[in-house]
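The lines below spell out each chain.
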Amino acid sequence: HVVTASHDRTARIWDAATGRQIRLLSGHTDWLTTASFSPDGLQVVTASYDKTAGIWDAATGRQIRLLSGHTDRLWFAAFSPDGLQVVTGSYDKTARLWSAATGRELKRLIGHTREVVGASFSPDGRRVVTASYDKTARVWDAAIGGQIMLLNGHTEPVACASFSPDGVQIVTGS
């Protein structure tokens, strides 16, 4: 399956072979910026300009959790490799780690001076890399929420950051 997010305030799940829409995920009150599947494909996480992220049952389209606490628009949300956590990035200059099971905020990653527009977990789930309009990427310890490393050198906003499959390298895009 494929999941898409739209400015029409919905996410949609599609059959990858036929292009047929399978599910409509509706409930956010503003634009969606991201939608992605959990590692097992059973859930979808969405991020919205309404300052929340939603966790949805991919089989029914029902929202099962609302991740609320950011003070500005969300730009990004993704599951950890084990599916137990979600990372969100916001215009409030923070990234946050959440329990996918309870919706409780676990850690607040503070240090960026501009919007956080991308984030991803390392393959082992122990680290998170964030991308920001402050022209940096930062690496965080997912267990304690502390910054491990500052990656600077871009001369324009950093739009994305991701770990290599072996977790040894990080790629950033600006």
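A. View of the overall build of the protein chain. Tallying secondary structure elements over the protein chain gives zero helices and 17 strands in all. Relative to its length of 174 residues, the protein chain is compact, with a C-alpha radius of gyration of 15 Å against a globular reference of 16 Å. In terms of overall dimensions, the protein chain has C-alpha extents of about 45 × 35 × 30 Å along its principal axes. Expressed as a percentage of the 174 residues in the protein chain, the buried residues total 44%.

B. Region of interest: the pairing of strand β14 (residues 136-141). Of all six residues that make up β14, five are buried, and the element is covered over most of its length. Strand direction decides the pairing type here: strand β13 (residues 127-132) and β14, joined by five bridges, are antiparallel. Along β14, the bridge assignment pairs R127 with D141. Taken together, β13 and the strand that follows it, β14, pair antiparallel across an intervening segment of three residues, in which K135 is found at a positive phi of about 75°. With five bridges connecting them, β14 and strand β15 (residues 147-152) associate as antiparallel partners.

C. Quick look at the side chain of T94. Take T94: it is sitting in strand β10 (residues 94-99). Within the local environment of T94, its side chain forms a polar contact with the side chain of D92, the two groups lying 2.6 Å apart. Excluding its chain neighbours within four sequence positions, the residues that come into contact with T94 are H70, T88, G89, R108, L109, I110 and V116.

D. Region of the structure containing the sheet that holds strand β11 (residues 105-110). Within the open sheet, the four strands sit side by side as β8-β9-β10-β11. Their pairing is antiparallel. Of all strands in the sheet, those with a lone pairing partner are β8 (74-79) and β11, marking the two edges. Neighbour-to-neighbour, the strand axes of the sheet open up by a mean angle of 20°, direction not taken into account. Pairing analysis gives five bridges linking β8 to strand β9 (residues 85-90), with the strands arranged antiparallel. Looking at β9, one finds that A77 is bridged to T88.

E. Structural view of the packing of aromatic side chains. The full count for this structure, using the stated rule, is five aromatic pairs. Put simply, the rings of W31, Y49, W75, Y91 and Y133 pair up and form one aromatic cluster. Residue placement shows R73 over the ring face of Y49; its charged tip is 4.5 Å from the ring centre.

F. How the structure looks around the environment of D92. As for its position among the elements, D92 is in the loop between β9 and β10. D92 gets classed as buried once you look at its relative accessible area, which sits at 14%. Ignoring any residue separated from it by four or fewer positions in sequence, one finds D92 in contact with H70, T71 and D72. A polar contact is formed between the side chain of D92 and the backbone nitrogen of T71, at a distance of 3.0 Å.

G. Layout of the sheet that holds β14. Strand order in the open sheet formed by four strands is β12-β13-β14-β15, with antiparallel pairing between adjacent strands. Each of the sheet's edge strands pairs with one partner strand only, and the pair in question is β12 (116-121) and β15. Direction aside, neighbouring strands of the sheet carry axes that sit 20° apart on average.

Criteria and thresholds
Residues numbered from 1 in each chain as written. Predicted model: local features only at pLDDT ≥ 70, side-chain atom pairs only at ≥ 80, totals over all residues. Heavy atoms only, no water. Helix = DSSP H or I, 4+ residues; strand = E, 2+ residues; numbered from the N terminus. Rg over C-alpha atoms; globule rule 2.2 N^0.38 Å. Buried < 20%, exposed > 50% of the residue type's maximum accessible area, 1.4 Å probe, protein only. Pairing = 2+ DSSP bridges. Polar contact = N/O pair within 3.5 Å; in protein donor to acceptor, adjacent residues only side chain to side chain. Contact = heavy atoms within 4.5 Å. Axes fitted to C-alpha atoms, helices over the stretch in contact; angles between N-to-C directions. Phe/Tyr/Trp six-rings, centres within 6.5 Å; stacked < 30°, edge-to-face > 60°. Lys NZ or Arg CZ within 6 Å of the ring centre and 35° of its normal.

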